[in-house]
Structures are given as structure tokens and as C-alpha cells.
Amino acid sequence: DQQVKQNSPSLSVQEGRISILNCDYTNSMFDYFLWYKKYPAEGPTFLISISSIKDKNEDGRFTVFLNKSAKHLSLHIVPSQPGDSAVYFCAAGGLRDNDMRFGAGTRLTVKP
Amino acid sequence: GAGVSQSPSNKVTEKGKDVELRCDPISGHTALYWYRQSLGQGLEFLIYFQGNSAPDKSGLPSDRFSAERTGGSVSTLTIQRTQQEDSAVYLCASSLAGMSTDTQYFGPGTRLTVL
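What comes next concerns the included structure. Note on numbering: residues in each chain are counted from 1, in written sequence order. Written order decides the labels, with chains lettered from A and ligands numbered from 1. Two thresholds apply to this predicted model, a pLDDT of at least 70 for residue-level local features and 80 or more for giving and counting side-chain atom pairs, whereas whole-chain, interface and lining totals are computed over all residues. Think of the side-chain values as coming from all heavy atoms in the structure, minus any hydrogens and water.

Okay, the overall build of chain B next. Strands here are runs of E lasting at least two residues and helices are runs of H or I lasting at least four, both read from the DSSP assignment and numbered beginning at the N terminus. Counting secondary structure elements, chain B contains zero helices and ten strands. Ordered by position in the sequence, the α and β elements of chain B form the string β-β-β-β-β-β-β-β-β-β. Rg of the C-alpha trace for chain B: 13 Å, near the compact-globule value of 13 Å for 115 residues, within the 12% margin. Seen along its three principal axes, the alpha-carbon backbone of chain B occupies a region of about 35 × 30 × 25 Å. Whether a residue is buried, partly exposed or exposed follows from its accessible area with a 1.4 Å probe, protein chains only, as a fraction of its type maximum: under 20%, in between, or over 50%, in that order. When each of the 115 residues of chain B is scored for burial, the buried share is 48%. The long-range fraction of contacts in chain B, counting pairs at least 24 apart against all pairs at least 6 apart in sequence, stands at 56%. Carbon and sulfur atoms make up 47% of the accessible area of chain B, which amounts to about 5,500 Å² in all. In this charge count, Lys and Arg are treated as positive and Asp and Glu as negative; neither His nor the chain ends contribute. For charged residues, the charge sits on one atom: NZ in Lys, CZ in Arg, CG in Asp, CD in Glu. One finds the centroid of the 10 positive side-chain charges in chain B at a distance of 4 Å from the centroid of its 11 negative side-chain charges. Only C-alpha atoms enter the radius of gyration; for comparison, a globular chain is expected to reach 2.2 Å times N to the power 0.38, where N is the number of residues. Only heavy atoms enter the contact rule, under which two residues are in contact if any of them lie within 4.5 Å. Only the protein chains shown count as cover for residues, and all accessible areas are computed by the Shrake-Rupley method using a 1.4 Å probe.

Okay, here's the thing in C-alpha cells:
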């Protein structure tokens, strides 16, 4: 069962513009959410996280928004850079759990 | 190297053969995870080791899959009698203490192709 869904397999944006990657989850018990970034031939690397007590977390050009009522989170990258081109995975789980559920990933391409 | 390493990076095998995939976690990390990513799918949790506790095997898709972690460090994922649907990238990750809030550090993965 796909408890975490990333419905857009790919996204293309122009350099300097905003990239918005979306993620939906079904389990209302999830209270911790992460985004990972993956380059080809490498493992995913942690990007940013948010817990359910917040609705926004910002780290430089990256901001994650959480809408608990809609069971939706999004990652905003602004301004987008060509080096941001990668596959982005959304992950969700419980703060007291040890396994995170991952989405299928969204391939972001930032065009110069 | 300070990161998680996995070997081999690529493995091609014939249907019905057994394969072993290896993971070397970051030194000092007590938690180790195995995931797989099939084409078009998300990262699928397979198994989790935490210290000396019994592993959480809840994600293993069948009894053909097994994993060991020797001495709290290196882990081996074994797939017996491989099937074509086992073809995927198998990723290993480690974290400091296995809490959800601990960052998982991933290895580069092993791409398994079953012909």
C-alpha cells in the first residue's frame, strides 16, 4: 500500500524560478516528514525535515510546508539552480517509529 | 571513507540463483536499514537492525529474503532463488541510534538484474 504518494514523476523549471514538489500521505498517525535528494548512481541524501508541530521549516533556498488537515506537504526551492536537478523523495513516519515510508520520487530538472 | 558503502555496485544473475549483497555502515551507527527501489516505485522498507535487538523483518517480501548483521556492523542481504521481480536497486542506510529524527545516510546502492 502506498501510504506516501508523489503524483508527479517529473517536473521541469527554469533556472531562477520556484520549484514546488508535492507529497500526499494517507496515515494520520504520521508526525515526522523528510525530503531526500538523490543524484544518479548515489544514495539519497537528507535535505530537510518537519515535525507535525510546525507547518513550515526553512533552510536556505529550501522550505517545506506541512498541511496536516490535507495530509499534504510540499518542498519549495527558490531560486532553483541547475545543480538542484535530481530525484526528490518524500518520506513520512512516526516520531517513535523506526521505518519511514517513502514516495516514488519526483525527478526535477532545472534548465539553465 | 566515512560514508556507507555497498558491494557489488551491479549484479546480474540468472533466475533461480542466490545472491548476496553487502553493506558497510558508518562506524558507530547502531541502526542499519535495507530498502529496495523497483522501477517507478518508492523506496520500499525491507529490514531494520538496531544494536543487539532482534531485527524488524516486517518489510521482507518473502521467505526467500534474509539478512544478517554480524558484530553490529557489516550486513548481508541474501536473496535465494532469485526471480525477475527481484530486479531493483537495493539501498542500505545507517543512522546513529535508529530514531526517526536521526538522519539516515544511504549507500550508493546495488543494482540487481535478474535475467
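Turning to the interface of chain A and chain B, a few remarks are in order. Taken together, the 18 residues of chain A in the interface contact 19 residues of chain B. Summed over both partners, the accessible area lost on bringing two parts together, with a 1.4 Å probe, is the buried area. Summing both sides of the interface, chain A and chain B together bury roughly 1,600 Å²; the carbon and sulfur share of this comes to 57%. A pair is scored as a salt bridge if a Lys or Arg side-chain nitrogen falls within 4 Å of a carboxyl oxygen belonging to Asp or Glu. For the pair chain A and chain B, the number of links is zero salt bridges. The definition of a polar contact used here is a pair of N or O atoms within 3.5 Å, where within protein one atom must be able to donate a hydrogen and the other to accept one, and adjacent residues in sequence count solely through side-chain atom pairs. Linking chain A with chain B are two residue pairs in polar contact (both at pLDDT 80 or more). Taken together, the residues of the side of chain A that touches chain B break down into ten nonpolar, five polar and three charged. Residue polarity follows a fixed list, in which Ala, Val, Leu, Ile, Met, Phe, Trp, Tyr, Cys and Pro are nonpolar, Asp, Glu, Lys and Arg are charged, and the others, Gly among them, are polar.

On to the nonpolar core, then. Across soluble globular proteins, nonpolar side chains have a tendency to be buried as a group. Formed by 23 residues in total, the largest nonpolar core has its most connected members in A:F33, A:W35, A:L73, A:L75 and A:Y88. Counting residues per element, the ones that place at least two in this core are β3 (19-25), β4 (32-38), β5 (45-51), β7 (62-67), β8 (72-77), β9 (86-93) and β11 (106-111) of chain A. No other element matches β9(A), which puts four residues into this core. Setting aside anything within four residues of it in sequence, one finds A:L75 in contact with A:S19, A:I20, A:L21, A:W35, A:L47, A:I48, A:F62, A:T63 and A:Y88. Residues grouped as a nonpolar core are buried Ala, Val, Leu, Ile, Met, Phe, Trp, Tyr and Cys residues, joined through side-chain atoms within 4.5 Å. Counting 20 residues, the second largest nonpolar core, distinct from the first, contains B:L21, B:W34, B:L46 and B:F65.

This brings us to the packing of aromatic side chains. Aromatic contacts are taken between Phe, Tyr and Trp rings whose centres are within 6.5 Å, Trp giving its six-membered ring; a plane angle under 30 degrees counts as stacked, one over 60 as edge-to-face, and the others as tilted. By the definition in use, this model includes eleven aromatic pairs over all chains. Relative to B:F106, the ring of A:Y36 has its centre 5.4 Å away and its plane inclined at 85°; by these criteria the two rings are edge-to-face. Taken together, the positions of A:Y36 in strand β4 and B:F106 in strand β9 (residues 105-106) put the pair across two chains. Residue A:Y36 is classed as buried on the basis of its relative accessible area, which comes to 2%. Chaining the aromatic ring pairs together yields one cluster made of A:Y36, A:F46, A:F102, B:Y33, B:Y35, B:F45, B:Y48 and B:F106.

Only a pair of cysteine sulfur atoms within 2.5 Å qualifies as a disulfide here. Per the stated rule, a full pass over the model turns up two disulfides over all chains. Paired by a disulfide, A:C23 and A:C90 hold their sulfur atoms 1.9 Å apart. Between A:C23 and A:C90 the sulfur-sulfur dihedral comes to about -70°; the bridge is accordingly left-handed. One end of the pair, A:C23, is in strand β3; the other, A:C90, is in strand β9, with 67 residues separating them in the sequence. Of the residues examined, A:C23 reaches a relative accessible area of 0% and is grouped as buried. Residue A:C90 is classed as buried on the basis of its relative accessible area, which comes to 0%. Disulfide partner of B:C23: B:C92, at an S-S distance of 1.8 Å. Disulfide B:C23 to B:C92: torsion about the S-S bond roughly -60°, handedness left-handed.

Before going further, it helps to spend a moment on the environment of A:P112. For A:P112, the position within the fold is in the segment after β11. For the pair formed by A:P112 and A:L95, sequence separation is 17 residues and the distance between their alpha carbons is 39 Å.

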